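In case you want the letters, here they are:
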Amino acid sequence: MAAIYSLYIINKSGGLIFYKDYGSAGRMDTNDSLRVASLWHSMHAISQQLSPVVGCSGIELLEADTFDLHCFQSLTGTKFFVVSEPGTQQMESLLKVIYELYIDYVLKNPFYEMEMPIRCELFDIHLTQAIQKDRVALSGR
């Protein structure tokens, strides 16, 4: 079984700009993935406002019985979140690797328009390699 179920990238306005399913048991259609992204963006924003801690950056980990949701927010407000098996470790480092790939292959692409859906072949290739490398590292533990 894969440790990572899916990856979402949400722009600062809450729009889903990238979604990739990695073999989760219940695959979602496009509308469901858009709803999940919108719901997460809203929950993240509300948690920042309701937090008693000054300077809170929002929810970073949501643990449920059947999955964990790990989130990384960049300084520009773009959110990267991974849905994974419960108890999966080292997702923060994987999210930072994904963010670096986003910078290198999406933002530096002269044909990419900010806040638009990501359609960059090199990003897809390197992302797949990073996920496979992470799966191998997780299975070796």
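Residues numbered from 1 in each chain as written. Predicted model: local features only at pLDDT ≥ 70, side-chain atom pairs only at ≥ 80, totals over all residues. Heavy atoms only, no water.

- As recorded by an unreviewed UniProt entry, the chain carries the name Trafficking protein particle complex subunit and is attributed to Carya illinoinensis.
- As stated in UniProt under Subunit (unreviewed entry), the record for the chain gives "Part of the multisubunit transport protein particle (TRAPP) complex."
- If you open the UniProt record of the chain and go to Sequence similarities (unreviewed entry), you find "Belongs to the TRAPP small subunits family." (UniProt positions renumbered as here; feature names shortened; annotations may be inferred.)

**Considering helix α1 (residues 30-50)**
Part 1 of the reasoning: With 21 residues, α1 extends 30 Å between its outermost C-alpha atoms, agreeing within 8% with the 30 Å of an ideal straight helix rising 1.5 Å per residue.
Part 2 of the reasoning: Among the residues making up α1, those that are buried are Ser33, Ala37, Trp40, His41, His44 and Ser47. Taken down its axis, α1 places every buried residue within 135 degrees of arc, on the same side. Away from the buried face of α1 by more than 90 degrees, exposed residues Arg35, Leu39, Gln49 and Leu50 are located.
Part 3 of the reasoning: Tucked into the core, α1 has its buried residues touching β1 (4-10), β2 (16-21), β3 (61-63), β4 (68-73) and β5 (79-84). (Helix = DSSP H or I, 4+ residues; strand = E, 2+ residues; numbered from the N terminus. Expected span 1.5 Å × (residues − 1). Buried < 20%, exposed > 50% of the residue type's maximum accessible area, 1.4 Å probe, protein only. Arc of directions from axis to C-beta. Contact = heavy atoms within 4.5 Å.)

**Description of the pattern of salt bridges**
Part 1 of the reasoning: Summed over the entire model, instances satisfying the criterion amount to two salt bridges.
Part 2 of the reasoning: Here Arg35 makes a salt bridge to Asp32, at a shortest N to O gap of 2.6 Å. Remark: Asp32 and Arg35 occur in helix α1; sequence separation between them is three residues, near one turn of the helix.
Part 3 of the reasoning: The exposure class of Arg35 is exposed, given its relative accessible area of 51%.
Part 4 of the reasoning: Given a relative accessible area of 27%, Asp32 falls into the partly exposed group.
Part 5 of the reasoning: Between Asp104 and Lys108 there is a salt bridge, and its shortest N-O distance comes to 3.4 Å.
Part 6 of the reasoning: Taking the relative accessible area as the measure of exposure, Asp104 reaches 38% and is therefore partly exposed.
Part 7 of the reasoning: Here Lys108 falls in the exposed class, since its relative accessible area comes to 58%. (Salt bridge = Lys/Arg side-chain N within 4 Å of Asp/Glu carboxyl O.)

**What to know about the side chain of Asp68**
Part 1 of the reasoning: Looking at where Asp68 falls in the secondary structure, it is placed in strand β4.
Part 2 of the reasoning: Classification of Asp68 by relative accessible area gives buried; the value is 3%.
Part 3 of the reasoning: From its side chain, Asp68 meets the backbone nitrogen of Gly87 in a polar contact 2.8 Å long.
Part 4 of the reasoning: Setting aside residues no more than four positions away along its own chain, Asp68 makes contact with Leu61, Leu62, Glu63, Val82, Val83, Ser84, Glu85, Pro86, Gly87 and Thr88. (Polar contact = N/O pair within 3.5 Å; in protein donor to acceptor, adjacent residues only side chain to side chain.)

**Remarks on the sheet that holds β5**
Part 1 of the reasoning: The strand order β2-β1-β5-β4-β3 describes an open sheet built from five strands, whose pairing is antiparallel. Of all strands in the sheet, those bounded by a partner on one side alone are β2 and β3. Averaged over neighbouring strand pairs, the angle between their axes works out to 10 degrees when direction is ignored.
Part 2 of the reasoning: The pairing of β1 with β2 spans five bridges and is classified as antiparallel. Paired with Ile9 across the strands is Phe18, a residue of β2.
Part 3 of the reasoning: Lying over the sheet, helix α2 (residues 91-107) contacts β1, β2, β4 and β5, oriented at roughly 135 degrees with respect to β5. (Pairing = 2+ DSSP bridges. Axes fitted to C-alpha atoms, helices over the stretch in contact; angles between N-to-C directions.)

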